[in-house]
Amino acid sequence: SNIKKYLMYLLSSNVGEIVLMAGASFAGLPMPLTALQILFVNFVTDGLPALALAVDPPEKDLMRRPPRDPRSGIFTKPVVTLVLAGGLWSAVVNMGIFTMALHYALPLKEAISMTFVSLILIQFIKAYNFRSDRNSVLHSPFANKWLNLSIFLEVLLLVAIIEVPWLENVFGVVALSFKEWLIIIGAAFTVAPVLEITKWLQRRR
């Protein structure tokens, strides 16, 4: 079960990044992330949060489920659906933020900074959603103390990168206004209802 959570999270994150970069390229837009930023995003998401999912506490209904078909692999239809739903929605949101920033004539570096933050926050939110492929995130959302700690530490690191001048220069970002932070956080949280609706539809089937 935990291997499945780990893989869903990593694959969904990678799908979101690939579609975002490919979409910008096909649309003739500037790249929404630099090479260093992509490496950092992968380091952040493939690091502590993913490892924390590997030691996630068992779901309460785990032992009441019927035995798993030994012929079925990890990538069942519900799992693939969740991975694609999270990854594609992440790409849509991040592309929307990037194009909106360019539309309002913000400097490219600022548009990239907003996309960088949005992508990381979405992946942090998805980590909580992928604690189960069937149950709602509202069922004991903070039961995994290691996930809580890893997200907390990496959010602090993200804020430092955006707000500390010498880190801004290293990562090619600029400080964001309070309004921009609110827009990014609000947009990032939209991935949660998308995944919850996907789970609900699959439970109904």
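Quick note: structure is the one above.
What counts and how
- Residues numbered from 1 in each chain as written.
- Predicted model: local features only at pLDDT ≥ 70, side-chain atom pairs only at ≥ 80, totals over all residues.
- Heavy atoms only, no water.
- Helix = DSSP H or I, 4+ residues; strand = E, 2+ residues; numbered from the N terminus.
- Expected span 1.5 Å × (residues − 1).
- Buried < 20%, exposed > 50% of the residue type's maximum accessible area, 1.4 Å probe, protein only.
- Arc of directions from axis to C-beta.
- Contact = heavy atoms within 4.5 Å.
- Axes fitted to C-alpha atoms, helices over the stretch in contact; angles between N-to-C directions.
- Parallel < 35°, antiparallel > 145°, perpendicular 65-115°, else oblique.
- Left-handed = near helix turned anticlockwise from the far one by under 90°.
- Nonpolar A, V, L, I, M, F, W, Y, C, P; charged D, E, K, R; others polar.

**So, helix α9 (residues 191-204)**
Here α9 spans 20 Å end to end across 14 residues, near enough to the 20 Å set by a 1.5 Å rise per residue. Within α9 the residues assigned to the buried category are V191, A192, L195, E196, T198, K199 and Q202. Buried residues of α9, seen end-on, are gathered within an arc of 160° and therefore sit on one face of the element. At its buried positions, α9 is contacted by α4 (77-103), α5 (108-129) and α8 (178-189).

**Regarding the packing of helix α2 (residues 35-45) against α5**
Contact geometry for α2 and α5: axes closest at 10 Å, N-to-C directions at 15°. With respect to their mutual orientation, α2 and α5 come out roughly parallel. Between α2 and α5 lies a crossing of right-handed hand. Mapping the contact onto sequence places Q37, F40, V41, V44 and T45 in α2 and I112, F116, L119, I120, Q123 and F124 in α5. Grouping the constituent residues of the contact of α2 with α5 by class yields 8 nonpolar, 3 polar and no charged.

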